[in-house]
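Listed here are the chains, written in short residue letters.
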Amino acid sequence: MANSVRIVEVGPRDGLQNVKQSIPTLTKIELIRRLQQTGLNTIEITSVVSPRTIPQLADCKTLLANTDVKRIVQDERLRAPVLIPNVKGLDIALENNIREIAVFVSASEGFSKANINCSVQQGLDRAKAVAEIARQRNVAVRGYVSCIFSCPYDGPTPPSAVLNSVQQLLAMGCYEISLGDTLGVGVASQTAALIKFLVDAGVPIGTLAGHFHDTYGQALANIWAAYRSGLRVFDSSVGGLGGCPYAPGAKGNVASEDVVYMFEQAGINTGVNLDRLAETGAWISEQLKKQNESRAGSALLAKSRLKSGSKESKANTTASALQWIPQEAPEGLKFFKSGTNIKIVLDRPRNGNALTTSMIEMLTAFMEKIAGDSSITRVAITANGKFFCTGMDLGKGSSPVASGQATVDAQFNRLTKLFNVISNAPQVTIACVQGPAFGGGVGLAFACDIRIFSKNANMTLSEVKLGLCPATISKAVIRELGIPFSREAMLSGRTLLPEELARLGAVAKVVSDPNAALDSYLTSLKTSAPRASGMVKDLIKLAWQEGAGPKQEEGIKALFRQMMLSDNVESAYGLKEFQRGNKKVDWDAFALSRQKVPSKL
Ligand SMILES: CC(C)(COP(=O)([O-])OP(=O)([O-])OC[C@H]1O[C@@H](n2cnc3c(N)ncnc32)[C@H](O)[C@@H]1OP(=O)([O-])[O-])[C@@H](O)C(=O)NCCC(=O)NCCSC(=O)C[C@@](C)(O)CC(=O)[O-]
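As the structure is a prediction and not an experimental result, all values here were calculated from the model.

### A look at the confidence of the model for the protein chain
- Mean pLDDT over the protein chain stands at 92; residues scoring 70 or higher make up 95%.
- Predicted confidence for residues 310–319 stays below pLDDT 50, and this span has 19 contacts to residues more than four positions away or in other chains.
- Reported confidence for the predicted complex is 0.96 by ipTM and 0.56 by pTM.

### Focus: the environment of Ala-508
- Position of Ala-508 among the secondary structure elements: in the loop between helix H20 (498–504) and strand E21 (509–511).
- It is 7.8 Å that separates the C-alpha atoms of Ala-508 and Phe-453, two residues lying 55 residues apart in sequence.
- Excluding anything up to four places from it in sequence, Ala-508 contacts Ile-450 and Arg-451.

### Some words on the packing of helix H18 (residues 474–481) against helix H19 (residues 483–492)
- Packing of H18 against H19 brings their axes to within 7 Å, and their N-to-C directions diverge by 125°. As summarised for this structure, H18 and H19 are arranged oblique, according to the angle between their axes. For the pair H18 and H19, the crossing hand works out as right-handed. Facing Ser-474, Val-477, Ile-478 and Leu-481 of H18, the residues of H19 in contact are Ile-483, Phe-485, Ser-486 and Met-490.
- In terms of residue class, the contact of H18 with H19 is built from 6 nonpolar, 2 polar and no charged.

### Things to note about the packing of aromatic side chains
- This model, assessed by the stated rule, comprises 9 aromatic pairs.
- The interplanar angle of 20° and the centroid separation of 5.4 Å between the aromatic rings of Trp-224 and Tyr-227 together place this pair among those described as stacked. Taken together, the positions of Trp-224 and Tyr-227, both in helix H10 (residues 219–228) and 3 residues apart, correspond to about one turn of that helix.
- By relative accessible area, which is 31% here, Trp-224 ends up partly exposed.
- Taking the centre distance of 5.0 Å and the plane angle of 80° together, the rings of Trp-587 and Phe-590 count as edge-to-face.

What counts, and where the lines are drawn
Counting of residues starts from 1 at the beginning of each chain's written sequence and follows it residue by residue. Given that this is a predicted model, residues contribute local features only at a pLDDT of at least 70 and side-chain atom pairs are listed and counted only at 80 or more, while totals for whole chains, interfaces and linings are drawn from all residues. Side-chain measures were taken over the full set of non-hydrogen atoms in the model, leaving aside hydrogen atoms and water. pLDDT is a residue-level measure of predictor confidence that goes from 0 to 100. We call two residues in contact whenever any of their non-hydrogen atoms come within 4.5 Å of each other. Each helix corresponds to a stretch of at least 4 residues labelled H or I by DSSP, and each strand to a stretch of at least 2 residues labelled E; elements are numbered beginning at the N terminus. Axes, fitted as lines to C-alpha atoms, cover a helix only where it is in contact. Angles between the N-to-C directions of the axes lie from 0 to 180 degrees. If an angle is under 35 degrees, it is roughly parallel; if it is over 145, roughly antiparallel; if it lies from 65 to 115, roughly perpendicular; otherwise it is oblique. Should the near helix be turned anticlockwise from the far one by less than a right angle, the crossing is termed left-handed; should it be turned clockwise, right-handed. Following the grouping adopted for this structure description, the nonpolar residues are Ala, Val, Leu, Ile, Met, Phe, Trp, Tyr, Cys and Pro, the charged ones are Asp, Glu, Lys and Arg, and the polar ones are all others, Gly among them. Stacked, tilted and edge-to-face are the three classes applied to pairs of Phe, Tyr and Trp rings, where Trp contributes its six-membered ring and a pair requires centres within 6.5 Å; stacked means planes under 30 degrees apart, edge-to-face means over 60, and tilted covers the rest. Each residue gets one of three labels from its accessible area relative to the maximum for its type: buried under 20%, exposed over 50%, partly exposed in between, using a 1.4 Å probe on protein chains only.

What follows is the structure, encoded as structure tokens:
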């Protein structure tokens, strides 16, 4: 037996089309982007359908026109089929340079009539018209046959009916036929028997794929039986997204995480990063406010939370432990959300979390994105591994040091933008420094409003030892440490210890468990009103930038007016709560209740 299989991820199409609530296009695009980062090499991205037939995919044109989706579709390593019902849909796909499509037919008359309002043969003729044009345009075509075991209208499906559809789809040029147990009623013995029937009738085993739904909990057993019968391609849906329109409340597609787990545990390679897939399943389930239907995904995430050690697990057992939901994870970074809090984790531990060009840009873009999101009130920055951050990437071939003028200017702009966007964030920013920081890493921590330090963390403004100077970070460093201390620290390049930084007031807490301390600090800030916190930040900025001048006076007056005037909903609410005896207002609940535009996270 070959020891690898190909997983065809159908979540963004088959999964989402069965979800009841409306899903923002950006969420769909983000799902596709995350799936691509798991190593999956086939992702069915959408279906070009009439908005009336499938309202959930009404935004297919917008999605296909999106630049991120276009880039993903053109990625040579990826198959990104789009399901096409007719020639009109194909035209739209071709306009968007789709390189692969899928056509679909039913093996049973009743389902064909109900699903696409025509007979099986008419459906096959329609698929043929689409496939022929696609083939002429060098577009690969995949075929689906639904109701391989049973039809909700006609009952059991004869294997000969499946064979007829498979043979016609192959004849029209489909390179692969996915056999769909649409109702999820089949069992392993039926799966093996059907595959044998098809192969005995001359269907090459290498052209078949399995598409199993989990209505009766049989999907994995069917997949394993199909694998043992020689199939090497399986459709599945991340987080078990989807459902069965004929069995309300029943589970839909088998979860991709469960399939990957099963094969990888059996030593059969899927090429998929299961941890990333599990995080994606949890993320999309959270976005859709639904239960994560993947058992393997849920179990792996629970285990990794425990494993991430005494630190996180201990934190999670304390009263103030926060539940962090994974969000985007661009290279070298991980973003999490918990209520109105965001946690950014530098995640390039092998290189001490040194800041690559892409990390700086992604971090800046993320901070810019959340700056306008009134439902986010705090942002924490922390890191994985031994170091918090070893500063600018100094690696051979990746460092912009000793380059041409344009590269140097671009790096200056990049770093300046990053430190500015953090310094000017409307949210309260907290650096949770879990290990030593160097150069730009020190800048990152000092660009934040507040710092929590692990006992083994420290800071080194090491630039001078490398023949460099702490240029772009100096604004934030001098602001927080003051001129005499900064001068000595920068000139000596010595290690600054947590206690001396705490004595200066530059570090709020020195703790043995920084993750737990971060969670509990964030929880304690629930009683600080978000707009008032923004005003505090403005006051500090006025003192620092306009110290004792007329502009400081004017700025303070403007802020005073803002807080006192009757149209300040926050102070009006705070006062009302105080007068009714509530001394601990939950400002997170207030922020979420006032959110007008849905959060993009
Ligand atoms: C951190 C220790 C003490 C660990 O010292 P160690 O424990 O002996 O470990 P190591 O030196 O073997 O480092 C572990 C891995 O991290 C990598 N690494 C580590 N740092 C970086 C880095 N910056 N860029 C790229 N890679 C880095 C290092 O190359 C190695 O990777 P491997 O060789 O195993 O593949 C040592 O590696 C070290 O001294 N690193 C340099 C730290 C430093 O001086 N950073 C300042 C950078 S300059 C800067 O940030 C300029 C800026 C932004 O401030 C200018 C401005 O303000 O405008």
